[in-house]
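Descriptive structure summary
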Amino acid sequence: MNEASETLLSILSEAESTMLVTTGEDGMIAARPMKLAKAPTLDAFWFITATDASPARDVDADIRSAVTVQAGRKHASVSGMATLVTDTAKIEELWSVSLRPWFPGGPTDPSIVAIKFVPMKGEVWDASGMRGISVLFESVKAIIKGEAVDLSEAGVHSEITL
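Conventions used here
Residues numbered from 1 in each chain as written. Predicted model: local features only at pLDDT ≥ 70, side-chain atom pairs only at ≥ 80, totals over all residues. Heavy atoms only, no water. Salt bridge = Lys/Arg side-chain N within 4 Å of Asp/Glu carboxyl O. Helix = DSSP H or I, 4+ residues; strand = E, 2+ residues; numbered from the N terminus. Buried < 20%, exposed > 50% of the residue type's maximum accessible area, 1.4 Å probe, protein only. Polar contact = N/O pair within 3.5 Å; in protein donor to acceptor, adjacent residues only side chain to side chain. Contact = heavy atoms within 4.5 Å.

**Quick notes on the pattern of salt bridges**
A side chain of one charge can pair with a side chain of the opposite charge if their charged atoms are brought near each other. Using the criterion set out here, one finds six salt bridges in the structure. For Glu93, the salt bridge goes to Lys38, with nearest N and O atoms at 2.7 Å. Of this pair, Glu93 sits in helix 3 (residues 88-94) while Lys38 is found in the loop between strand 2 (29-34) and strand 3 (45-50), placing the two residues 55 residues apart along the sequence. According to the relative accessible area criterion, Glu93 is partly exposed, its value standing at 47%. On the basis of relative accessible area, Lys38 is assigned to the partly exposed category, the value being 33%. A salt bridge links Arg64 to Asp62; the shortest N-O distance between them is 2.7 Å. Judged by relative accessible area, Arg64 falls into the exposed class, the value being 54%.

Here you go:
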């Protein structure tokens with residue numbers, strides 16, 4: 001696994017929530033905060049929602065989707081494909097007591113559906129630690145020179161094909 005992939009998993013693990021981005025029924029892009037139902041891997045990110053909720057309706061109509069996330073001074077955007085999963089065993093595997101307020105019937109509640117997001121490509125921006133200091137240094141240097149900042153050498157941005 002390369003450094004950018006490790007950074008992506010780190011950001012996903014540290015974040016409290018993510019934004020699941022889909023295409024709405026009206027053709028407009030829609031983003032909403034959603035908590036990952038399971039520790040993410042580079043193979044799949046899992047979410048739980050209601051069968052009649054907009055994320056499920058959107059994914060049912062158009063599988064193209066994205067996930068964005070921020071953890072401190074680290075950011076990521078991942079594009080991929082999402083599908084709805086109604087398999088009871090999978091939903092039981094993903095079940096957490098924190099879901100009970102939305103699904104009082106527990107993991108067998110018929111209104112639950114899992115969303116499996118398969119990442120295909122992504123980008124990470126990591127301005128934490130020494131990289132953050134490098135960004136600050138390059139920014140000050142650009143101000144002094146009266147130029148636009150060039151962060152290409154700071155190692156802040158990486159693209160990932162998954």
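**Description of the side chain of Ser65**
Structurally, Ser65 can be placed in strand 4 (residues 64-71). Within polar-contact distance, the side chain of Ser65 engages the backbone nitrogen of Ala82 at 3.5 Å. Beyond its immediate sequence surroundings of up to four residues, Ser65 is in contact with Val21, Thr22, Val78, Ser79, Gly80, Met81, Ala82 and Phe117.

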